[in-house]
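Working through the structure, step by step
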Amino acid sequence: MSRLVLVLGDQLSEELIALRRADKATDVVVMAEVAAETDYTAHHPKKIALIFAAMRKFAAHLRKEGWEVRYTQLDDTENAGSIPGELLRRAEETGATEVLATEPGEWRLIEALRDTPLDITLLEDDRFLASHAEFEDWAKGRKALRMEYFYREMRRKTGLLMDGDKPEGSDWNYDSENRKPPPDGIGHGGPMSFTPDETVEEVLDLVEARFPKNFGTLRPFHFATDRGQAKRALAHFIRHALPEFGAYQDAMLDEHKYLNHALVSPYINIGLLSALEVCEAAAEAYRAGDAPLNSVEGFIRQIIGWREYVRGIYFHEGPEYPRRNRLNQQRALPSLYWGAETKMRCLSKAVEQTRDEAYAHHIQRLMVTGNFALIAGIDPAEVHEWYLSVYADAFEWVEAPNTVGMSQFADGGVIASKPYVSSGAYIDRMSDYCGHCAYKVKQKTGEGACPFNLLYWHFLTRHRERFENNPRMGNMYRTWDRMDEEKRETVLAEAEAFLKRLSAGETV
Ligand SMILES: Cc1cc2nc3c(=O)[nH]c(=O)nc-3n(C[C@H](O)[C@H](O)[C@H](O)COP(=O)(O)OP(=O)(O)OC[C@H]3O[C@@H](n4cnc5c(N)ncnc54)[C@H](O)[C@@H]3O)c2cc1C
Ligand code: SF4
């Protein structure tokens, strides 16, 4: 009797455990574009197009390799509308009762599969370097689960940038050489872009017709949609951008959307590239003398460190993690996040780029859109929903810990030892946004004062009880306490007035 082999839209790898365990001669691969997945949040049209196009091409590839694939397109009349529904339909069609599935990357779908009345074997997804058991072992008995220590374990495990049992160059982390302010003329020509072929065009037409109201620009579409293209995109990054990746990792420039970032997260997350091969390509560039250690170490840390760590946290903390709101922030997400006009140049550029590209780099997400949401007191559930829907690389296992934990501190400090908040000074140092802004970054109060300067102090005073004894935040409170009282009152009153206008939907 044949079994069904489920392959989800973010599991597009021949190395997938369910495919490795299946028998090509007898088992039937099931892939489906379903409304339950397109509609659980209003995904960016580019994200839907990327996943569907890559799924269709992967299905064609599997067929070429001799697999029987039952593929359901979104507009097929028989489409059952959900993954469990499609499995049941295919089970009836083929007579199969057993299903081999690779564990999905979010609790919602894991629970849906567990509730499906079929004999489903959920295999742990071994595309990740750390298994659930390894992460739990590492976490056991620790007071704080800090990424840096986990990362060192992953270095030892993979042997990446190791010199015997010592880190290459003797330090584990070269961030002191990274994160420089951007000089003129940095950045390269951007990531490799791909002209849509017939399959992609068909998907673009479908997405255009079915999701006309979703936030985001569909065309031009230039993502890689198969493994061959993704490998070329990676090689392009390694050659042109990796050498300066570290130094200007945190920079933000008006005219450079990508700077030296890789734009590989969508490809790794859906299975077109493996995390390890991406890191090995970077390590090879270092060995060949084509990229310096600070860049290569910084890049590899993002993947075997941060990426693996946030995935571990997501499963360690359990299904209610994305709904945490430990700072009890309640304000609704302002319409500027959906493209309404704002005079704040940094936010308008980050949102515009997100709308056009389904991409913003880490510092735009953390220190512009995330920072503003946090200091303005936005409900983290709404912030989470926004990040989950607008980025091409957004899947809950990676998005939620980054948003709810790292960016909004809504987990109460599981991930971050202090909240990532800043006044306008940080944005000014790392970007060229402020020079073109209607607000004045150096102005602390009064007409034209940068809203980040006001809200930063408002946030710290709102949450004083929680943070004033945090050793990493003492300086902030001491600076505030040294300010003369009249100035403090003015800052807080102006912050309140700003928040009132924000909540009333005025253009701020
Ligand atoms: C609020 C917020 C939400 C985020 N949501 C997502 C998300 O939904 N999906 C996602 O993949 N990343 C997310 N990130 C992490 C990070 O911003 C993106 O991985 C990165 O911007 C992807 O672009 P890139 O490939 O050009 O990355 P690069 O800067 O070139 O980094 C290389 C790779 O490192 C990995 N990486 C870097 N930082 C992280 C991180 N913090 N967590 C996990 N992986 C990381 C990614 O795979 C990335 O491709 C989020 C960060 C923040 C602050
Ligand atoms: S002045 Fe303030 S609001 Fe304007 S770009 Fe700079 S940080 Fe953003």
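Everything here concerns the structure above.
Reference entry: report on the structure contained in this document. (Residues numbered from 1 in each chain as written. Chains lettered and ligands numbered in written order. Predicted model: local features only at pLDDT ≥ 70, side-chain atom pairs only at ≥ 80, totals over all residues. Heavy atoms only, no water.)

**Quick notes on the site of ligand 1**
In the neighbourhood of ligand 1, 28 residues make up the surrounding shell, with His-261, Ala-262, Leu-263, Tyr-359 and Asn-402 lying closest. Within the contact set of ligand 1, an oxygen atom lies 2.7 Å away from a backbone nitrogen or oxygen of Leu-263. Taking 820 Å² as the accessible area of ligand 1 by itself, protein coverage stands at 99%. Of all elements in the fold, only α10 (265-270), α12 (293-317), α14 (362-375) and α16 (396-407) reach the threshold of two or more residues within the shell around ligand 1. In terms of residues, the shell around ligand 1 owes the most to one element, α16, which gives six residues. Residues that form the shell around ligand 1 fall into these classes: 15 nonpolar, nine polar and four charged. (Near = heavy atom within 4 Å. Polar contact = N/O pair within 3.5 Å; in protein donor to acceptor, adjacent residues only side chain to side chain. Areas by Shrake-Rupley, 256 points an atom, 1.4 Å probe, with all protein chains shown as cover. Helix = DSSP H or I, 4+ residues; strand = E, 2+ residues; numbered from the N terminus. Nonpolar A, V, L, I, M, F, W, Y, C, P; charged D, E, K, R; others polar.)

**Describing the site of ligand 2**
Contacts to ligand 2 come from Met-344, Arg-345, Cys-346, Gly-424, Ile-427, Tyr-433, Cys-434, Cys-437, Tyr-439, Val-441, Cys-450 and Phe-452. Put simply, the parts of the chain that give the shell around ligand 2 at least two residues each are α13 (345-357) and α17 (424-430). In terms of residue class, the shell around ligand 2 is built from 10 nonpolar, one polar and one charged.

**Comments concerning the packing of α14 against helix α18 (residues 451-462)**
Following both chains from N to C, one finds α14 and α18 inclined at 50°, their axes separated by 9 Å at the closest point. As summarised for this structure, α14 and α18 are arranged oblique, according to the angle between their axes. At the point where α14 passes α18, the crossing takes the left-handed sense. Facing Met-367, Val-368, Asn-371, Phe-372, Leu-374 and Ile-375 of α14, the residues of α18 in contact are Phe-452, Leu-455, Tyr-456, Phe-459 and Arg-462. Tallied by class, the residues present in the contact of α14 with α18 amount to nine nonpolar, one polar and one charged. (Axes fitted to C-alpha atoms, helices over the stretch in contact; angles between N-to-C directions. Parallel < 35°, antiparallel > 145°, perpendicular 65-115°, else oblique. Left-handed = near helix turned anticlockwise from the far one by under 90°. Contact = heavy atoms within 4.5 Å.)

**Some thoughts on the packing of aromatic side chains**
Given two aromatic rings, one states the distance between the centres and the angle between the planes to describe the pair. In this structure the tally under the stated criterion is 26 aromatic pairs. A centroid spacing of 5.1 Å and a plane angle of 85° characterise the contact between Tyr-337 and Trp-386, whose relative ring orientation is edge-to-face. Here Trp-386 lies in helix α15 (residues 380-390) and Tyr-337 lies in the loop between α12 and α13, a separation of 49 residues in the sequence. Comparing Tyr-337 with Trp-386, the two get one shared label, buried. Seen in terms of ring centroids, Phe-372 and Phe-498 are 6.3 Å apart; in terms of plane orientation they differ by 80°. Their pairing is edge-to-face. Of this pair, Phe-372 sits in helix α14 while Phe-498 sits in helix α21 (residues 485-503), placing them 126 residues apart in sequence. Pair check on accessibility: Phe-372 and Phe-498 agree, each one buried. A connected cluster of aromatic rings, assembled from ring pairs, spans Phe-135, Trp-138, Phe-150, Trp-306 and Tyr-309. The ring centre of Phe-128 lies 4.0 Å from the NZ or CZ of Arg-311, which sits over that ring. (Phe/Tyr/Trp six-rings, centres within 6.5 Å; stacked < 30°, edge-to-face > 60°. Buried < 20%, exposed > 50% of the residue type's maximum accessible area, 1.4 Å probe, protein only. Lys NZ or Arg CZ within 6 Å of the ring centre and 35° of its normal.)

**Here's the deal with the sheet that holds strand β3 (residues 68-72)**
One open sheet holds the five strands; their spatial order is β3-β2-β1-β4-β5, and the pairing between them is parallel. In the strand order of this sheet, the two ends are held by β3 and β5 (119-123), each with one partner. Neighbour-to-neighbour, the strand axes of this sheet turn through a mean angle of 25°, independent of strand direction. With five bridges connecting them, strand β4 (residues 98-102) and β5 associate as parallel partners. For Thr-102, the partnering residue across the bridge sits in β5 and is Leu-123. Contacts between helix α3 (residues 45-64) and the sheet are confined to β2 (28-32) and β3, with β3 contributing the most and set at about 160° to the helix. Sitting on the sheet, helix α4 (residues 83-94) is in contact with β1 (4-6), β2, β3, β4 and β5, with an inclination near 135° to β3. (Pairing = 2+ DSSP bridges.)

**Quick notes on a negative patch on the surface**
Residues Asp-484, Glu-485, Glu-486 and Glu-489 make up a contiguous surface patch of negative charge. Summarising the element assignment, Glu-486 is placed in helix α21. (Patch = residues over 30% accessible without salt bridge, like charges linked within 9 Å, V, L, I, M, F, W, Y side chains within 5 Å. Salt bridge = Lys/Arg side-chain N within 4 Å of Asp/Glu carboxyl O. Lys, Arg positive; Asp, Glu negative; His and termini not counted. Charge placed at Lys NZ, Arg CZ, Asp CG, Glu CD.)

**Here we look at the pattern of salt bridges**
The final tally for this structure, using the stated rule, is 37 salt bridges. Where Arg-345 meets Asp-254, a salt bridge forms, and the shortest distance between an N and an O atom there is 2.7 Å. Pair noted here: Arg-345 is in helix α13 and Asp-254 is in the loop between α9 (227-240) and α10, with a separation of 91 residues, a long-range link. Relative accessible area serves as the criterion here: at 9%, Asp-254 is assigned to the buried category.

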